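Coordinate analysis (summary)
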Amino acid sequence: MSKDKITWFGFRITQKQAVIVFILSLVGICILSMTTWSFVYSIFYWIFEPYDYQDIDYFIRMLVTMLPYYTFFIVLLILCIYSLIRSRRIAKFYSDRMFNQVPVSNGGMFCQNCGNRRVGIEKFCTKCGEALR
């Protein structure tokens, strides 16, 4: 997989958008974890305090009626985790790309006076001292 094809759900996003998606994913995970805890608490309560409920049929009906909510929140949690990981990778890709770019020189690749090869963005030739353009 090429580094140029890093996408978020098939969309190419910028570094700023990746940071925003990262923050929203963190907020989503926090909200979903708090909401999911209320569902999980009811199961723990039934396990540790079973005498409050009449029978196991009530517990099974409760789980079946809550099953769509469980699946919805689990799917949202998976999407948030995916977005968190992917947006972090996209933001890192852009920062790596920004700092690893080779500066482009305005002048030619060789000194106009002696023909010495230019290495970087020097202002003067390292061999003869001529000002480079």
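Before reading further, recall that the structure is shown in the block above.
Quick look at the structure, then. (Residues numbered from 1 in each chain as written. Predicted model: local features only at pLDDT ≥ 70, side-chain atom pairs only at ≥ 80, totals over all residues. Heavy atoms only, no water.)

It is worth spelling out helix H1 (residues 15–48) at this point. Over its 34 residues, H1 extends 48 Å from the first C-alpha to the last, a length consistent with the 50 Å expected when each residue adds 1.5 Å. Among all positions of H1, only Ala-18, Val-21, Ser-25, Gly-28, Leu-32, Phe-39 and Trp-46 are buried. (Helix = DSSP H or I, 4+ residues; strand = E, 2+ residues; numbered from the N terminus. Expected span 1.5 Å × (residues − 1). Buried < 20%, exposed > 50% of the residue type's maximum accessible area, 1.4 Å probe, protein only.)

Moving on, we get to empty space enclosed by the protein. Within the structure shown, the criterion is met by one cavity of 30 Å³ or more. Taken as a whole, the largest cavity spans an internal volume of roughly 50 Å³. Forming the walls of the largest cavity are Cys-111, Asn-116, Arg-117, Arg-118, Val-119, Glu-122, Phe-124, Cys-125, Thr-126 and Leu-132. By residue class, the composition of the lining of the largest cavity is five nonpolar, two polar and three charged. (1 Å grid on protein atoms, 1.4 Å probe; cavity = no way out; pocket = protein on both sides within 12 Å on 5 of 7 lines; lining within 4 Å. Points joined across faces, edges and corners; volume = space filled by probe spheres on them. Nonpolar A, V, L, I, M, F, W, Y, C, P; charged D, E, K, R; others polar.)

So, on to the environment of Asn-113. In this fold, Asn-113 is placed in the segment after helix H2 (56–99). Sequence spacing of Asn-113 and Glu-130 is 17 residues, and the spatial spacing of their C-alpha atoms is 6.7 Å. If near-sequence neighbours (up to four positions away) are discounted, Asn-113 is found in contact with Cys-128 and Glu-130. (Contact = heavy atoms within 4.5 Å.)

A contiguous nonpolar surface patch, about 680 Å² in accessible area, is contributed by Trp-37, Tyr-41, Phe-44, Tyr-45, Ile-47 and Phe-48. Of note, Tyr-45 is situated in helix H1. For Tyr-45, a relative accessible area of 32% puts it in the partly exposed group. (Patch = residues over 30% accessible without salt bridge, like charges linked within 9 Å, V, L, I, M, F, W, Y side chains within 5 Å. Areas by Shrake-Rupley, 256 points an atom, 1.4 Å probe, with all protein chains shown as cover. Salt bridge = Lys/Arg side-chain N within 4 Å of Asp/Glu carboxyl O.)

Now for the side chain of Ser-87. Following the sequence through the fold, Ser-87 ends up in helix H2. Setting aside its immediate chain neighbours within four residues, Ser-87 contacts Ala-18, Val-21 and Phe-22.

Honestly, it's all geometry; don't read function into it.
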